[in-house]
Amino acid sequence: MALKIVKGSIDRMFDKNLQDLVRGIRNHKEDEAKYISTCIDEIKQELKQDNIAVKANAVCKLTYLQMLGYDVSWAAFNIVEVMSSSKFTYKRIGYLAASQCFHESTDVIMLTTNQIRKDLSSPNQYDTGVALTGLSCFVTPDLARDLANDIMTLMSHTKPYIRKKAVLIMYKVFLKYPESLRPAFPRLKEKLEDPDPGVQSAAVNVICELARRNPKNYLSLAPLFFKLMTSSTNNWVLIKIIKLFGALTPLEPRLGKKLIEPLTNLIHSTSAMSLLYECVNTVIAVLISLSSGMPNHSASIQLCVQKLRILIEDSDQNLKYLGLLAMSKILKTHPKSVQSHKDLILQCLDDKDESIRLRALDLLYGMVSKKNLMEIVKKLMLHVDKAEGTTYRDELLTKIIDICSQSNYQYITNFEWYISILVELTRLEGTRHGHLIASQMLDVAIRVKAIRIFAVAQMATLLDNAHLLTGNMQRNGICEVLYAAAWICGEFSEHLENPMQTLEAMLRPKVATLPGHIQAVYVQNAAKLFATVLKSQEGNTEGTPAQETSQLMVERLPLFVQSANLEVQERASCILQLVKYIQKLQQKDVEVAEEVSALFAGELNPVAPKAQKKVPVPEGLDLDAWINEPPSESESEDEQPKAIFTREEPKHSRPRHTEVDEKELAKRREVRKQEQANNPFYIKASPSSQKVYQETHGVEHIPVVQIDLSVPLKVPGLPMSDQYVKLEEERRQKDRADKKKKKKEKRKDKRTGRGKRHDSGPESEEDITPAHMVDIVTEEMPENALPSDDDDKDPNDPHKALDIDLDKPLADSEKLPVRSHRAAEALKSPGEDGDAVSAATLEPRKKRSKEKREEKKKDKDGDRKKSKEEKKKKKHKHEEKEENLLSGQADEPVVQSEESSQVAAPPTSTSAEVSDLDFWLSNAPVPSNTQEAATVAAAAEAASVPEAVSGTAPDSEPEEPKDAEMEETKSSKHKKKKQKKEKEEKEKKKKKKHHHHHRHSDAGGEESVQNGTVEEEEPLPSMSNYCLLAENSYIKMVYDIQGNLQDGSQVVVSVIFENKCDSFLKSMEFNVLDSLNSKLQRPEGSGPHDGLTVPFQLPPGVSNEARFVFTMQSIVMPQKLKGTLTFIVKNDDSSTHEKLDFKLHFTCTSYLISTPCYSDAFAKLLESGDLKSSSIKLEAVLMPFHHLLARICFHHHFSVVERIDSCASMYSRTIQGHHVCLLVKTADQTVSIDAKCDEPTLLGNVLDEIKQTFSQC
Amino acid sequence: MIKAILIFNNHGKPRLIRFYQYFAEDMQQQIIRETFHLVSKRDDNVCNFLEGGSLIGGSDYKLIYRHYATLYFVFCVDSSESELGILDLIQVFVETLDKCFENVCELDLIFHMDKVHYILQEVVMGGMVLETNMNEIVAQVELQNRMEKSEGGLSGAPARAVSAVKNMNLPEMPRNINIGDINIKVPSLSPF
């Protein structure tokens, strides 16, 4: 035996090891491939030996060859052999090789399950580590299922080295085996607070990765992450968390409000650029999510923009790049704040780094306005001239076109200028974007009627100079422009100055060298031109010129008839015959011009790109249904061999019976769709249909505006766009002068007539009147097009499977498959085992819910004990646990409320978590003992002054202290922090007694007066939506109603119970009389008249909140429900039964959910025309406009879409998806609200409620 | 997530490739070529980010790279990673290599690809950042190396001797291609 070993190692001496192989390859530079193939032969020999060391050596070499691109999958089995060696050295080699070349379809992977399991449980931590590392690279669904439980155990391993690897690999396991997510999640969550920073970081990493894909499931972790963020010092962890918050804020705007302060602090304090950058990024995300609600965060935006400016100005190119990248995010929502840094961005355009130039270009896109478009484009044109590389130049070209054409040419005031820019761009050599330019030319010429004369003139010049453009014949080259030019000249030939000349230009023999599709357009449009020419010539004298024209056509067309391109040939021969016929008629002196031009009469209208898709399928029409029953198979088989051409033939008489299975059908549908998409004429197949599709604002309704005469219409030769810049300047000046004059006149008027207000501020964007009223022909859309596009998610996304509710309690069936002992294994193979489990999870809900109920029962008993135990444990661990934001309200009332909502809202226990989250989110200052939290809270307080609108902040404190505090915050935010802290702590103690006391909003007005500081936009008074439900000498109830986002028919009523007496209140029972329309949700099994037990007791002076879920049928009318609260008042000596009646008022407002809406979507919605409108007027409204808006936002759950001076559009939607749009205008204390909604009754009621709100103040 | 880590030299020769998503071998080579093409034509004083090539990922992916003397270290990452963080990570990785190989140079990577892999495995696992603390990484790597040595024992000795002899006649083993400029100023290195 010993001899054998020695012999083996001696053999090995002469084997090549990895170094030898590398050296060999380097020495055989000329015949590397040959050398390697001999090496592979050697390796194959080595792999045949028994000695594991030799094998390992061979596998190691294979790993190297794999890097060089050689397929080594043939050695997969040997790799498994080496993996299963007992020696770490070889095992490591094996796992490395496996991780490099195994993948899901490697079949030997299934052999590794047991080996890996053995390694995972090895006493040597490095065996385990190596196995985990390897597994992370080649885990398959089977491996994930079989090993999930083992890995989960490792998450609690004693060694942090193993723990962190186990935590990380769980992500891969979740991806491959989504069922494991729920069982493993609690432990993963636990690891967020692991003592080892590496493990903690790994857990954060995994959860962030999970949450990025399905953020909404992880909202409930926000408090925990918030705590980590404020306590962690590890920048990696911080960065990850901050990024995660960036993904969460769009879902929960309140979270954003909470985040802004700590993030701003970090921005101020951190020295790490990476952290700073991520903070700025997340603040931007927060601002974006808030921007639809209240636009009052100018300070934060300014801070971000400032910091970004510093980054951009840095000499480090990386920071510059990232600064620009982040800037472009701000640009989307707050373009104004970015626009002030135009200088900097233009400067970046000159940077030597292409990445940076491209970023700067992106930014330019959003920075243009009517005012500066020409100037910016001029600058870009200079760059185009200078740019050396074609890729960058092409990028510039597309950007110029993007910038100009964005949002329907919004910023273009002078289309002649734009056309000349396009024409100038055609002079670029070697560009690949001819097609883009061409489509722009077509688009503008078709959609801007007023420009056609000019465009036609320019295009004619282009055609004349076609030889300049034909140098570049490649596909998509600049010659594509000729396509557009020819079409425009043909279609709008009536505007041509000299049609004859253009016709000649189009029939030059040189044209035959153009690509086929362009020639085809040439031929077709030559015919159109011919018609026009005929018309003009026939009117005149005798027929000679007309006949000459025909002669010209007859002479030139044969060239095209010979074309190799089918379409050119077809069109040419058609037209040739037509012209010959015309010639004949002309010789007989027949007038033909009218008839010829009738061929091309009628206008082609642009069709919206999605129009076809949006045509609703008429009811009862099933395009896939058989018209006749499909014939039997035998018959169809006979017919199958058909000639290609007969298939193409249209079948009028009877549908052909071919055997068409589903697949074929789908394929054909696809083909047909494509055909239609590619066929520009498709929709106009019948002229009558055109009428049908025409919208109300069709072409006829658009006023054709005269062209400004200051621009010469005839530009000799090719135009220069520059001159337009000058002209435009002059025009604007003239305009301004005119306006001033008018203003003066109007001022005179004002004295006499009823004055209207005129803004006399500096010239703003809107003041620039476009040279051409942008009479853009809107694209056609089918009559009842569906308004929204549903963007489907990629169904293949593996993360879709991980969209799992994590807050639901675990069911018994949801356990990871555990390897059981032999007895069981004898019956089941591992595969079956897994199947059984997955089948179990798939079993109908019934079973699960039963289990759940059972669990709940147990919970009820055990909960109190548990919570106490927990409390003890936590106190043991750290004192600060008390401020644990999630479970931390472990002091009596809240634990109870947690329980309570579980009972009160029986459908899911999710709502418990959710309400917890709500509580956390709404309670800005969290009661705490530690300094840290206090500072955070104080800071939040300071910041929340301007944003006190914060929808749900029920944290209103006793008035006076708050006022005092507000003043203080203003005067000395930073200096007095300490004092304030103390004060606040006192306050909090007070508050605990007072607890949330909710005064009605009428206090708001007072406060703003008291505040007295008149700024541009005064801070808003704090408001509360809670209103009184009922009150007697024992108890007071206030309530608020919120729509439930998840369920279209549910609203949640939060009631705050406040004990007003000195006795203990217990056994509270809340009951309402259900109506047909609205019902209180009661736990399963209870009768329709049973009350709900309020899940807490109230000691004297304490208040607490409970939530009740109601189901609604119809939401168009406000409703009232009568109800009763019964409770026992317990003194030391006696106890009495008491009750309190109340009326729950469900306003229509309470069904609204504030939903952000972008202005373009908003406009589309209004245009769609299926909304009914209504309006109200409010007289004598004294509050500033932004207060008014804030009130509507806050009390009526609207969000501001757009605000321009004293006019704002707002949007909201109901839980059932009705859209409600408002247009609020104010003038002289009168506020008019025009509203639109698809449900008139609802709208009326909402408006009444708004009126009511304002009549109260 | 990190999708791939590539190390290649100034001529595009791969020195280490690590894909965290499966690509067939020829595809891998194509990706390396494309990445090299993209990266190599950039000056040293331009920024270290590249919007990903068409082969790997899509718009969500970025190439983040550093160039040290003769080697390019390229990480392909998606938007969940912090750009500057990854730059730091590359630095940490290179510094770790420098410690483990004592003045690392390209030849170390050429002849000890396996060892480089083992070090990388302690930094990144399955596409996720595992450890960023250099001392911790070095400690783990060394412990494992020690274990390997102790296992080697008798049977390993001859092989080592032979390899030492082989290395003696190695005129091409100069250690001068040092990755010298390792101390490039990194904006946010200190806290890590």
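Counting restarts for each chain, with residues numbered from 1 along the sequence as it is written. Written order determines the labels here, with chains lettered from A and ligands numbered from 1. Per-residue local features are limited, in this predicted model, to residues with pLDDT of at least 70; the limit for side-chain atom pairs, both in listing and counting, is 80 or more; totals at the level of whole chains, interfaces and linings are taken over all residues. Only hydrogens and water are set aside when side-chain values are computed; all heavy atoms of the structure are taken into account.

Before we go on, may I ask you to explain the side chain of Asn372(A) in this structure?
With respect to the helices, strands and loops of the structure, Asn372(A) is situated in the loop between helix H21 (354-367) and helix H22 (373-386). Pairs of N or O atoms are called polar contacts if they sit within 3.5 Å, as long as, within protein, a hydrogen donor faces a hydrogen acceptor (for residues adjacent in sequence, only side-chain-to-side-chain pairs). Engagement of the side chain of Asn372(A) in a polar contact is seen with the backbone nitrogen of Ser369(A), the distance being 2.7 Å. Per the convention used, a helix needs a DSSP run of H or I reaching at least four residues, while a strand needs a run of E reaching at least two, with both numbered from the N terminus.

Would you mind going over the interface of chain B and chain A with me for this structure?
Accessible area lost upon the coming together of the parts is a frequently used measure of interface size. With 71 residues of chain B at the contact, the number on the chain A side is 74 residues. Simply put, the buried area is the total loss of 1.4 Å probe accessible area from both parts when two parts are fitted together. Together, the buried faces of chain B and chain A total about 6,700 Å²; carbon and sulfur atoms form 56% of this surface. Taken as a group, Glu25(B), Met125(B) and Met128(B) account for 10% of the area that chain B buries against chain A, more than any other trio of residues on that side. By definition here, a salt bridge exists when the distance from a side-chain nitrogen of Lys or Arg to a carboxyl oxygen of Asp or Glu is within 4 Å. Where chain B touches chain A, the interface holds nine salt bridges. The partner of Glu32(A) in a salt bridge is Lys13(B), with the nearest N and O atoms 4.0 Å apart. The interface formed by chain B and chain A contains 33 residue pairs in polar contact (both at pLDDT 80 or more). Elements with a contribution of two residues or more to the side of chain B that touches chain A: strand E2 (14-19), helix H1 (25-40), strand E3 (49-51), helix H2 (83-101), helix H3 (106-111), helix H4 (113-123), strand E7 (128-129) and helix H5 (134-168) of chain B. Per-element tally for the side of chain B that touches chain A: the top contributor is H5(B), with 15 residues. Within the side of chain B that touches chain A, the residues separate by chemical class into 31 nonpolar, 20 polar and 20 charged. The contact criterion used throughout is that any non-hydrogen atoms of two residues lie within 4.5 Å. Here the nonpolar group is Ala, Val, Leu, Ile, Met, Phe, Trp, Tyr, Cys and Pro; Asp, Glu, Lys and Arg are the charged ones; every other residue, Gly included, is treated as polar.

Explain the confidence of the model for chain A to me, please; I cannot follow it from the model alone.
Detailed reading of the predicted model is not advised wherever pLDDT is low. Residues and elements named next belong to chain A. Every residue carries a pLDDT, the predictor's confidence in it, which falls somewhere between 0 and 100. Averaged over every residue, the pLDDT of chain A is 73; the share at 70 or more is 67%. Mean pLDDT across the elements of chain A bottoms out in helix H38 (residues 687-693) (38) and peaks in helix H10 (residues 160-176) (93). A low-confidence stretch, residues 635-660 stays under pLDDT 50, and its non-local contacts, those more than four residues away or across chains, total 19 contacts. Considering only residues more than four positions removed or in separate chains, one finds that residues 787-793, a stretch of pLDDT under 50, has four contacts.

Looking at this structure, how should I read the sheet that holds strand E9 (residues 1135-1146) of chain A?
Think of a sheet as strands paired side by side through backbone hydrogen bonds, with each pair either parallel or antiparallel. Residue and element names in this part refer to chain A. Only strands that DSSP links by at least two bridges are regarded as paired with each other. The sheet built from four strands is open, its strands ordered E6-E4-E8-E9 with antiparallel pairing. Of all strands in the sheet, those with a lone pairing partner are strand E6 (1092-1093) and E9, marking the two edges. Alignment of strand E8 (residues 1119-1130) against E9, held across 12 bridges, turns out to be antiparallel. Bridge pairing in E9 places Gly-1123 opposite Phe-1142.

Got a minute to help me understand the sheet that holds strand E4 (residues 62-68) of chain B in this structure?
Residue and element names in this part refer to chain B. With antiparallel pairing, five strands are arranged side by side in an open sheet as E2-E1-E5-E4-E3. At either margin of the open sheet sits one strand with a lone partner, and together these are E2 and E3. Taking each pair of neighbouring strands and ignoring which way they run, the sheet shows an average axis angle of 15°. In this sheet, E4 lies alongside E3 in antiparallel orientation, the contact comprising three bridges. In the strand pairing of E4, Leu-50 is matched with Leu-63. A fitted line through C-alpha atoms represents every axis, and for helices the fit uses only the stretch in contact; the resulting angles, taken between N-to-C directions, go from 0 to 180 degrees.

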